Amino acid sequence: MVFSCGNMREKTYNEGAMLYQKHCENCHMADGTGLEALYPPLAGADMLESVGIGAACIIKNGLQGKILVNGVEFETGMAPITGLSSVEITNILNYIHNAWGNERDYIQLNEVEATLKACEKTNLGK
Amino acid sequence: MKYVVLVSLLALVCTSCVQENENASGLPVMGVKLPIEKEVNGKTVIDSLEHTIPPFSFVDQDSTIITEKTVEGKVYLADFFFTSCFTICPKVKKNMKKAYTAFKDRPDFAILSHSIDTRHDTVGRLAWYANKFDISADTWHLLTGDKDVIYKIAYDYYVTALEAPDAPGGFDHSGAVVLVDKKRRIRGMYDGTDPERMEQLVEDIQLLLDKE
C-alpha cells in the first residue's frame with residue numbers, strides 16, 4: 001500500500017492546529033509569540049527545538065520551575081493540559097513544530113507513546 | 001433693547017456651542033442617566049445625571065494607593081482580570097499593551113486593571129506580573145483591594161466579574177476594556193480579544209485626548 005506522506009502530514013498538522021487553538025492559543029497566542037516574559041513563544045523558540053518530542057511530557061504533565069527560552073527567563077509555570085489522548089498530543093506537536101516558520105520531521109504516534117511512558121524519568125513535565 | 005437681545009442671543013448660541021464641545025470627539029456617553037430634581041429659577045425641574053464612575057480606593061503593584069484623584073484629568077482604560085487567568089486574560093492584556101505603548105508617555109493617560117482574585121493577587125504578585133509583563137506603574141496600575149469593593153465597581157463599569165467555582169480558573173468575567181473620559185464617564189466598551197476593536201480603541205483614545 002502506498003501512503004501519501006503529504007496528506008498524512010497535512011492531516012496531523014490541521015488537527016494539531018485545531019487542538020492548539022482550543023488548548024494552547026490563549027497563552028502562547030495564535031501566532032506562537034507568547035506574552036512578554038509571562039508565557040514563552042513557540043515560534044522560533046530554541047527550547048522547543050531542543051526538547052523536540054519531549055514537549056509531549058510538558059503538554060501532559062505541565063511544567064514548573066524556571067526555563068530559558070531565546071535568552072528570556074520564564075517562571076510562570078504551565079498546568080497540565082488534561083484530557084488529551086496520545087493521538088491529540090502527537091497532532092499538537094506536529095503543528096507547533098511546523099507552524100510559524102518552525103520546521104521539524106513529523107512525529108509518529110508510537111514515538112509519542114514511548115516518550116510519554118518515560119516522562120517521569122526525565123526532568124521535563126513535572 | 002437691541003443690545004440686550006443681541007447679548008442674549010450670543011449667550012444662547014455660546015451655551016449651545018459649549019454643550020456640543022462636551023462631546024466633540026463624537027463618542028457617545030454611555031450608561032443609564034439618572035433622573036434628578038433640580039431647582040432652576042425657583043422651579044423644580046427634572047434633569048439627568050450622566051453615569052460616572054464613583055470615587056474609589058485601591059492599591060497598585062507599587063503599593064501606591066490609587067483613587068479617582070489618580071485619574072483626574074486623564075483618559076483611562078479599565079478592565080478586570082486576574083494574574084493566574086489562562087483563558088481570555090493573556091490575549092486581552094496583549095491587545096491592551098498596544099494602547100499602553102501608544103500613549104504611555106502622556107501624563108493624561110492611564111490604565112486601571114482590577115484584579116478579581118484579590119486573595120492570590122497580592123501587591124507582591126502584581127509587582128511580579130508587572131515586571132514580567134514589562135509595564136510601568138507610572139501609567140498601568142494593576143489593582144488589588146477589598147474583593148467586594150472591586151466586584152461592586154465592576155458593576156459601575158458595566159463589566160461582568162464574579163466568583164464562579166465551575167468556571168475555568170474559578171472566575172467568570174468579561175474581557176471588556178472600558179474607555180473612560182476625564183469626567184469619569186464611559187465613552188466606549190471594547191472586546192479585548194478582538195484585535196479590530198482594540199485598534200478602534202487606540203483611535204478613540206486619540207480622539208478623546210485631542211478633542212476633549
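Residues numbered from 1 in each chain as written. Chains lettered and ligands numbered in written order. Predicted model: local features only at pLDDT ≥ 70, side-chain atom pairs only at ≥ 80, totals over all residues.

### What about the overall build of chain A?
If you tally the helices and strands in chain A, you get six helices and two strands. N-terminal to C-terminal, the α/β element order of chain A is α-α-α-α-β-β-α-α. Counting only C-alpha atoms, chain A reaches 50 × 30 × 25 Å along its principal axes. A burial count over chain A gives 31% of its 126 residues as buried. The contacts of chain A with a sequence gap of at least 6 include a subset with a gap of at least 24, amounting to 64%. (Helix = DSSP H or I, 4+ residues; strand = E, 2+ residues; numbered from the N terminus. Buried ≥ 20, exposed ≤ 12 C-beta atoms within 10 Å, placed from the backbone. Contact = placed C-beta atoms within 7 Å.)

### Some remarks on the overall build of chain B
Check the secondary structure of chain B and you find five helices and eleven strands. A burial count over chain B gives 36% of its 212 residues as buried. For chain B, contacts bridging at least 24 residues in sequence account for 65% of all contacts bridging at least 6.

### Notes on helix H2 (residues 89–103) of chain B
End to end, H2(B) covers 21 Å across 15 residues, agreeing with the expected 21 Å (1.5 Å per residue, within 8%). For H2(B), every residue scored as buried is listed here: B:Cys89, B:Pro90, B:Lys91, B:Val92, B:Lys93, B:Lys94, B:Asn95, B:Met96, B:Ala99 and B:Phe103. For H2(B), the secondary structure elements touched by its buried residues are helix H2 (25–28) of chain A together with strand S5 (75–81), strand S6 (109–115), helix H3 (123–133), strand S10 (176–180) and helix H5 (195–211) of chain B. (Expected span 1.5 Å × (residues − 1).)

### Comments concerning the interface of chain B and chain A
Contact with chain B, which involves nine residues of that partner, is made by eight residues of chain A. When contributions to the side of chain B that touches chain A are tallied by element, the ones reaching two or more residues are H2 and H3 of chain B. Element by element, the count of residues in the side of chain B that touches chain A is highest for H2(B), at four residues. A per-class count over the side of chain B that touches chain A returns three nonpolar, one polar and five charged. (Nonpolar A, V, L, I, M, F, W, Y, C, P; charged D, E, K, R; others polar.)

### A look at the sheet that holds strand S7 (residues 140–143) of chain B
Residues and elements named next belong to chain B. Spatial ordering of the open sheet is given by S7-S6-S5-S10-S11, a layout of five strands whose pairing is mixed. The sheet terminates laterally at S7 and strand S11 (186–191), the two strands that pair on one side only. Strand-to-strand, the axes of this sheet are offset by a mean angle of 20°, without reference to chain direction. Bridge analysis of S6 against S7 gives four bridges, and the strand direction is parallel. Bridge pairing in S7 places His114 opposite Leu143. Across the sheet, H5 lies against S5, S10 and S11, angled at about 160° from S11, the strand it touches most. (Pairing = 2+ DSSP bridges. Axes fitted to C-alpha atoms, helices over the stretch in contact; angles between N-to-C directions.)

### Structural notes on the confidence of the model for chain B
Residue and element names in this part refer to chain B. On average, residues of chain B score 90 in pLDDT, and 90% of them reach the 70 mark or higher. Contacts from residues 13–21, a stretch scored under 50 in pLDDT, to residues over four places away or in other chains number zero contacts. On the interface metric, ipTM, the complex scores 0.87, and its pTM is 0.87. (pLDDT = per-residue confidence, 0-100.)

### Regarding helix H5 (residues 86–96) of chain A
In terms of residue burial, H5(A) counts as a mostly covered element, since eight of its eleven residues are buried. Of the positions making up H5(A), those classed as buried are A:Ile89, A:Thr90, A:Asn91, A:Ile92, A:Leu93, A:Asn94, A:Tyr95 and A:Ile96.

### Focus on the nonpolar core
Core analysis: the biggest nonpolar cluster contains 72 residues, and A:Ile92, A:Leu93, B:Tyr76, B:Leu77, B:Val177 and B:Val178 have the highest contact counts within it. Residue contributions to this core peak at six residues, all from S5(B). (Core = buried A, V, L, I, M, F, W, Y, C linked by C-beta atoms within 7 Å.)

### Overview of the pairing of S7(B)
The side-chain alternation of S7(B) yields two buried faces, one formed by B:Trp140 and B:Leu142 and the other by B:His141 and B:Leu143. In terms of handedness, the path from S6(B) via H3(B) over to S7(B) forms a crossover that is right-handed. (Right-handed = clockwise from strand over helix to strand, strands pointing away.)

### Observations regarding unusual backbone geometry
Residues and elements named next belong to chain B. In this structure, Asn41 is a non-glycine residue whose phi angle is positive, near 55°. By secondary structure assignment, the location of Asn41 is in the loop between strand S1 (34–40) and strand S2 (43–49). We classify Asn41 as exposed; it has 5 C-beta atoms within 10 Å. Phi is positive for Ser63, which is not a glycine, with a value near 65°.

### Notes on the environment of B:Leu34
Residue and element names in this part refer to chain B. When you line up the elements, Leu34 lands in strand S1. Taking the C-alpha atoms as reference, Leu34 lies 5.3 Å from Ser48; in sequence the two are 14 residues apart. Here Leu34 is in contact with Ser48 and Leu49, once residues within four sequence places are set aside.

### Quick notes on the pairing of S6(B)
All names here are of chain B. Within S6, seven of the seven residues are buried, which leaves the element mostly enclosed by the surrounding structure. Alternating positions in S6 separate into two faces, Phe109, Ile111, Ser113 and Ser115 on one and Ala110, Leu112 and His114 on the other, with burial throughout. Of the strand pairs in this sheet, S5 and S6 are connected by seven bridges, and their pairing is parallel. Counted as the bridge partner of Leu77 is Ile111 from S6. Handedness of the crossover is the feature at issue here: the chain leaves S5, passes through H2, returns alongside S6, and the resulting connection is right-handed.

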